[in-house]
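Residue-level listing of the chains:
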Amino acid sequence: MSIVTVQLGQCGNQIGHEVFSALCSDIRGTHGLCSRKENESYRDACRERFFCEQESAVPVARAVLVDMEPKVISQTLSTAASSGHWKYSSHSHFCQKQGSGNNWANGYSVHGPRHKEAIMDLVRKEAEKCERLGGFFTIMSVAGGTGSGLGAFVTQCLRDAFPTSFLLNHVVWPYGTGEVIVQNYNSVLTLSHLYHSADALLVHQNDVVHKICAQLMNIKQISFRDVNRVIAHQLGSVFQPAHTAGGGSGYSRNPLGDLMESLVPHPEFRMLGLRNIPQMPESSLPYSTFSWPGLLKHLRQMLIANAHMEEGIDWQVRPPQPGSSIPSTNKPLHFNTSIANLVILRGKDVHGVDLGRFQDPSLYTSWLNPQDAFSAWQTPRAFNKYEKSAALVSNSQFLLQPLDNIVGKAWNMFASKAYLHQYTKFGIQEEDFLDCFTTLEQVISSYTNL
Amino acid sequence: AVSLPFAVGQCGNQVGCRFWDLALREHAAVNKKGIYDEALSSFFRNVDTRSGDNGPDIYKGKICSLKARALLIDMEEGVVNEILQGPLRDVFDSKQLITDVSGSGNNWAVGHKKYGCQYRESIVEKLRKTAEHCDCLQCFFIIHSMGGGTGSGLGTFVLNLLEEEFPEVYRFVTSVYPSGEDDVITSPYNSVLAMKELNEHADCVLPIENESLFEIVNKIHQMINSGKLGSTVKQNSLVTSSAGSAKTLQEKPFDAMNNIVANLLLNLTSSARFEGSLNMDLNEISMNLVPFPRLHYLVSSLTPLYTLADVNVPSRKLDQMFSDAFSRDHQLIQADPKHSLYLACALLVRGNVQVSDLRRNIERLKPSLHFVSWNQEGWKTGLCSVPPVGHSHSLLALANNTCVKPTFIELKDRFMKLYKKKAHLHHYLQVDGMEQTCFSEAVSSLSDLIEEYSELDATKGAPRIYPSRLKIAV
């Protein structure tokens, strides 16, 4: 099954490019560490999922690029083509000239309706090229105007036009300081709208990825490119082919569907966080060896303690003891309760790895069986030169605090009415803001009371 | 997306002239192949002049003849004629000029009411023609001074006109404010009358004070002459006076000062023209820096200073550049943002600077700055990959800060000194369409603006009672 990626705005297009780059480089690599047959199977599955090979010397990404100004798309297309290993279709992009001015209302209420037809036309064409459409993957930032506003509009259009397809939104949350002043408004407006249209939101936070770059990747002068590459690696570790538990011998043919089924049992809870282990500079890889028990021990503690990387984990945090009848309100404050988790193992000796500790009932809310709450996928094919790597996609309280922060700051600004005239001028009124705040407070409340 | 500058009056045109010169140089340095590209199209048309000046526009391919997208307006011919006889003569054609001979006599009313009325149709017509050639018009720039008659009066008339004819296009105004010792006695009248128009019709105003420009030029001179940094002055340096000597400046070095303003505009639009990892367009500047419609006056600072002159100075530490942006020495107006309240701040960096450099410096500088309560992390940032010509990096900071209040209070005081005595009032009132109410409304508008800033200073923007967040029934 194929996935159509929709790249929205500067962030969406820059990350999208890194994702396809990473996927392509991974399948071209010779570090698969598995049998030739397995490798070929993996490669074919990846190609079917993300690339189209009709009448072209190099694989063509199944993607639609959208932006309201031309520079980024232009750069993205040419950089991809110059790689010589893959490219974007020359007919799959849509751009305008004037940008969205970081104004969500401009993206959503003006550009959206104005360009709906042209954009959806491109999406339909791309979807038609797929023998079997597995769903849509959109990439956007929530801070700006295009990715956020136009992105929210396009997501709604995708939902309306493809009501039975899976729709996963990858959203990037901006640095707490220093990107866009109205970023909290734009975030609140975007997230609340996406919550009503998407199946799930997969979140990356710039602050977190930045720390990974600084502490794990040892990059001194961190650029957005570095940040995007880490994000691409993490996304690749989820979306490259893997075998699901009951899936027979072949690679999963419905990755988005499997993801949703594993992780989104209830429509009120759609926010997914992503963790990856290990992460290190490529130059260090040949000198490192890992054991699965070691990796999984760290990954589990990262889940429980809500740590973003394998360094600086708080090992003091423990799940509440089973058997003791502690009411949920007494749970240790720092403990991260999960609704559902998915672990994906890639590389050497994956078979027979013991994942029992991830099924510990104390990790989860009480309303699902631990067997249903936890899923595992695996492949002996190593990913991106890591001899062993594990990814965790989690529907848990990971994003509760950051979301609460964003809503709090946005509310604070809303109370002073600052910048509201910029939104009302394009048709987003105070009541619209209030509706969005209500939606998100509901989400926060739901996750808090797990 | 196109930005369309209007140079109005003597000061405006002198700055404009420097601006076009620098813009051409910047694009020439970046555009090695001579291909007319997206970046060039924001300021220039590419005209096929093989069969004469009225040839068609060429949208792609090799550069034939670059024509500036601009309107040059002056009610005296001196400055505009100089431009048309100088090295930029091929960049403009007569269809872009609106001139008269007698000038405005340093009288806002003459500029605004008399010439406004007289030249309205001509301006609209030329404006439409110019706009027709623009694929996507995003922003107008008005470059003028506030103290005289043409720039101030006719300039603000044009501002009004732009809002009427093209309400969706952003209006940025670069205004040179008169100093206390300005030669023109009636400059306070002209400035306050113009301020009302800026309050009501501009999206963003970048106030500039000559004193600041003068000090910056002096500093650059000190840097060159000190010999400490091992700097050398390049040929055709902006700092050399017409006599060719860079050592002392006998008179006010207007050329060098105008260059600074020209650089401001160049840097402001750099991220819209050139690529980078975090683009910052002009409509984003307006969106992020203007929390309330009338509070749209932005304090600008440029660093490093030597990028404003053709001086080869070895690069100083990157972090120093950020510190300098918050030093009064680098501001284009005399104000004290560090001891006032920030409503919002934008940093536009050019060159080899990455997001970690930005973050590190914001974290470092934040504690010494006071931000309004609802915008504690109020930073808008942009990263443009292309540095200014011959340098590795530069930074433009734009601050919406209550420190502009003293400047406006002083202006109001100077106005009141004259107005109380009704000095020179008759020169204004004898102009058709000009009444005493124009004066009282203008000073009232200025007073209201000052009051808005005072309110923010007093409360730091915090509401008396913080409304608590919405509660959800569990």
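Since this is a predicted model, take the numbers as computed values, not measurements. (Residues numbered from 1 in each chain as written. Chains lettered and ligands numbered in written order. Predicted model: local features only at pLDDT ≥ 70, side-chain atom pairs only at ≥ 80, totals over all residues. Heavy atoms only, no water.)

## Remarks on the packing of aromatic side chains
Aromatic rings considered in pairs are described by the distance between their centres and by the relative angle of their planes. Residues and elements named next belong to chain A. For the coordinates displayed, the defined rule picks out 45 aromatic pairs over all chains. Ring plane angle 70 degrees and centroid distance 6.3 Å describe the contact between Y175 and F224, whose orientation is recorded as edge-to-face. In this pair, Y175 is assigned in the loop between β8 (167-173) and α6 (183-197) and F224 in helix α8 (residues 224-239), connecting sequence segments 49 residues apart. Across the pair, F224 and Y175 agree in class, each one buried. Put simply, the rings of Y185, W411, F414, Y423, F433 and F437 pair up and form one aromatic cluster. The side chain of R270 reaches across the aromatic face of Y195, ending 5.9 Å from its centre. (Phe/Tyr/Trp six-rings, centres within 6.5 Å; stacked < 30°, edge-to-face > 60°. Helix = DSSP H or I, 4+ residues; strand = E, 2+ residues; numbered from the N terminus. Buried < 20%, exposed > 50% of the residue type's maximum accessible area, 1.4 Å probe, protein only. Lys NZ or Arg CZ within 6 Å of the ring centre and 35° of its normal.)

## Thoughts on the environment of A:Q359
Residues and elements named next belong to chain A. For Q359, the position within the fold is in the loop between β11 (338-347) and α11 (370-373). Q359 sits in the partly exposed class, given a relative accessible area of 32%. Considering only alpha carbons, one finds Q359 and A373, 14 residues apart in sequence, at a separation of 7.8 Å. Once residues lying within four places of it in the same chain are set aside, the contact partners of Q359 are Y364, P370, Q371 and F374. (Contact = heavy atoms within 4.5 Å.)

## Here we look at the confidence of the model for chain B
For chain B, the average pLDDT comes to 88, and 92% of its residues sit at 70 or higher. Reported confidences for the modelled complex are a pTM of 0.93 and an ipTM of 0.90. (pLDDT = per-residue confidence, 0-100.)

## Re the domain arrangement of chain A
Residue and element names in this part refer to chain A. Examined at the domain level, chain A breaks down into domain 1 (2-271), domain 2 (282-321 + 333-399) and domain 3 (401-449). Each of domain 1 and domain 3 has a C-alpha centre, and the two are 25 Å apart. The interface of domain 1 with domain 3 comprises 27 residues on the first partner and 24 residues on the second. Across the domain 1/domain 3 interface, buried area totals approximately 2400 Å², and carbon plus sulfur atoms make up 74% of it. On the domain 1 side of the contact with domain 3, N184, Y185 and V188 bury the most area, a combined 29% of that side's loss. At the boundary of domain 1 with domain 3, the tally comes to zero salt bridges. Inspection of the domain 1/domain 3 interface yields eight residue pairs in polar contact (both at pLDDT 80 or more). Considering each element in turn, the side of domain 1 that touches domain 3 owes the most residues, 11 residues, to α6. (Domains from an automatic or database assignment. Buried area = accessible area lost by both parts, 1.4 Å probe. Salt bridge = Lys/Arg side-chain N within 4 Å of Asp/Glu carboxyl O. Polar contact = N/O pair within 3.5 Å; in protein donor to acceptor, adjacent residues only side chain to side chain.)

## Thoughts on the domain arrangement of chain B
Often, the extent of an interface is quoted as the loss of accessible area upon association of its parts. Residues and elements named next belong to chain B. If you check the domain split of chain B, you get domain 1 (2-242 + 253-405) and domain 2 (406-459). Centre-to-centre separation of domain 1 and domain 2, based on C-alpha positions: 26 Å. Between domain 1 and domain 2, the contact holds 37 residues from the first and 34 residues from the second. Summing both partners gives a buried area of about 3200 Å² for domain 1 against domain 2, and 69% of it is carried by carbon and sulfur. Three residues, Y189, V192 and K405, lead the burial of domain 1 against domain 2; their summed loss comes to 27% of the area buried on that side. The interface formed by domain 1 and domain 2 includes two salt bridges. Where K405 meets D457, a salt bridge forms, and the shortest distance between an N and an O atom there is 3.3 Å. Linking domain 1 to domain 2 there are 16 residue pairs in polar contact (both at pLDDT 80 or more). Put simply, the parts of the chain that give the side of domain 1 that touches domain 2 at least two residues each are α4 (108-132), α6 (187-201), β12 (341-351), β15 (393-401) and α12 (404-420). At nine residues, the largest contribution of residues to the side of domain 1 that touches domain 2 is made by α6.

## Here we look at the pattern of salt bridges
Going through the model one piece at a time under the given rule, you end up with 37 salt bridges over all chains. Between A:K71 and A:E69 there is a salt bridge; the shortest N-O distance is 3.3 Å. A:E69 matches A:K71 in its accessibility class, with the two residues each being buried. The shortest N-O distance in the salt bridge between B:R128 and B:E165 comes to 2.3 Å. Separated by 37 residues along the polypeptide, B:R128 in helix α4 and B:E165 in helix α5 (residues 150-165) bring together distant segments of the chain. With a relative accessible area of 40%, B:R128 lands in the partly exposed category. Its relative accessible area of 22% is what places B:E165 among the partly exposed residues. Several salt bridges share partner residues, and in doing so they unite A:E18, A:R225 and A:R229 into one network.

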